[in-house]
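Okay, here's what each chain looks like letter by letter:
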Amino acid sequence: MNYTTTEIWLIIAALGVGTFLIRFSFLGLVGDRPIPEWLLRHLRYTPAAILPGLVAPLVLWPDATGGVPDASRLTAALATVAVAYFSKGTVRAIAAGAVTLYGMQYLLG
Amino acid sequence: MQFTTTKMAYIAGTTAALPFVIVVIPFAMLFGVVATEAGLPLTQVMAFSALVVAGASQFTALQFMSENAPVAVVLASALAVNLRMAMYSASLTPHLGKAPGWQRVLAAYFTVDQSYLLSHTEFERAPETSTPHKVAYFFGTVTPIVPLWYVFTYIGAVIGDAIPAEYGLDFIVPITFLAMIVPALRTLAHLAAALTSIILALLLVAVPFNLGLLIAAIAAMMVGAEIERRMS
């Protein structure tokens, strides 16, 4: 790393301020002004629209394996989804995923 | 469950977030370790976790910094990772927008994937909950998560040794995200949005600055909203 101390502080500060402004954007500027119904309808789907797309590449092409699909990680993801879907229990789903991951890693050596 | 007191809402939020402690601890430690190994002094490592509070973008910044990328490139890449939080902010606004300004400032600072997702899911489940109770629930979800982010960044930086990849701890993050989002896919519209998100995010994975995910997310929101409109 070849940055001066000032440059590193600049990076940290700018990243902190920028990230805060992103987080504050709508919450701060819109506040309690009314939001049109069509937009509310879109916003209801925000988690469903972001998280699956965020996770999918991590499941298929994990960094830890250099981007090569990995049987134990794929199976663990499927087990997590199945348990989460049918039981609606987040904790149970995490446990199922973790047990599957380590079980598969143990079986596959 | 309906909350009768703010304390009850706060405790419900805290309880809901407790399982995610198992993600925050290794992830925070890993940041402390990697940042220290990259050559950052303790004050700067801690400043990262205290001011940015966003793991994925902190790792992105570190990665570009260890490649000695220009400052502007480091900032653009790390901030792009956080752009999804503008959508979080927008979708929290119908629920927290009526809260006093100082509470919205704090809520913005503490908007991380876990606090956002748990709170949004709860607010959609019971939209009639009062704003103070929603605020209390939100800060409840923050309580077991963010303080540990600071503490374990510190522990990672001071005593840390990188956790070997074969422990599969990297995969705790995707597992917890899946475990959080899948139970919230309550309707056909939610499922269609999720499927759109997956397909487009995979197809657009090569788009620079992580913008493929944002395009996928906007398209997926449109799919969900359109299905809801046609079915209602």
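Residues numbered from 1 in each chain as written. Chains lettered and ligands numbered in written order. Predicted model: local features only at pLDDT ≥ 70, side-chain atom pairs only at ≥ 80, totals over all residues.

1. Some points on helix H11 (residues 172-181) of chain B
Here is step 1 of the chain: Among the 10 residues of H11(B), nine are classified as buried, and the element is accordingly described as predominantly covered.
Here is step 2 of the chain: Within the span of H11(B), buried status applies to B:Ile172, B:Pro174, B:Ile175, B:Thr176, B:Phe177, B:Leu178, B:Ala179, B:Met180 and B:Ile181.
Here is step 3 of the chain: Buried residues belonging to H11(B) abut helix H3 (46-60), helix H4 (71-87) and helix H5 (90-107) of chain A together with helix H2 (21-37) and helix H8 (113-125) of chain B. (Buried ≥ 20, exposed ≤ 12 C-beta atoms within 10 Å, placed from the backbone. Helix = DSSP H or I, 4+ residues; strand = E, 2+ residues; numbered from the N terminus. Contact = placed C-beta atoms within 7 Å.)

2. Regarding the interface of chain B and chain A
Here is step 1 of the chain: With 82 residues of chain B at the contact, the number on the chain A side is 67 residues.
Here is step 2 of the chain: At 12 residues, the largest contribution of residues to the side of chain B that touches chain A is made by helix H6 (residues 84-96) of chain B.

3. Remarks on unusual backbone geometry
Here is step 1 of the chain: You will see that A:Lys88, though not glycine, has its phi angle at about 60 degrees, which is positive.
Here is step 2 of the chain: With respect to the element layout, A:Lys88 can be found in the loop between H4 and H5.
Here is step 3 of the chain: Taking the number of C-beta atoms within 10 Å as the measure of exposure, A:Lys88 has 13 and is therefore partly exposed.
Here is step 4 of the chain: Phi is positive for B:Asn68, close to 55 degrees, though the residue is something other than glycine.

4. Re the environment of A:Leu60
Here is step 1 of the chain: If you trace the backbone, A:Leu60 turns up in helix H3.
Here is step 2 of the chain: Separated by 14 residues in sequence, A:Leu60 and A:Leu74 place their C-alpha atoms 6.9 Å apart.
Here is step 3 of the chain: Here A:Leu60 is in contact with A:Pro69 and B:Leu202, once residues within four sequence places are set aside.

5. Digging into the packing of helix H4 (residues 55-66) of chain B against helix H5 (residues 71-81) of chain B
All names here are of chain B.
Here is step 1 of the chain: Close contact between H4 and H5 brings their axes to 8 Å; oriented N to C, the two are set at 160 degrees. With respect to H5, the element H4 is oriented roughly antiparallel. The element H4 and its partner H5 pack so that their crossing is right-handed. When H4 is examined against H5, the residues Ala56, Ser57, Thr60, Ala61, Phe64 and Met65 are found in contact with a partner set consisting of Val73, Val74, Ser77, Ala78 and Val81.
Here is step 2 of the chain: Tallied by class, residues from the contact of H4 with H5 come to eight nonpolar, three polar and no charged. (Axes fitted to C-alpha atoms, helices over the stretch in contact; angles between N-to-C directions. Parallel < 35°, antiparallel > 145°, perpendicular 65-115°, else oblique. Left-handed = near helix turned anticlockwise from the far one by under 90°. Nonpolar A, V, L, I, M, F, W, Y, C, P; charged D, E, K, R; others polar.)

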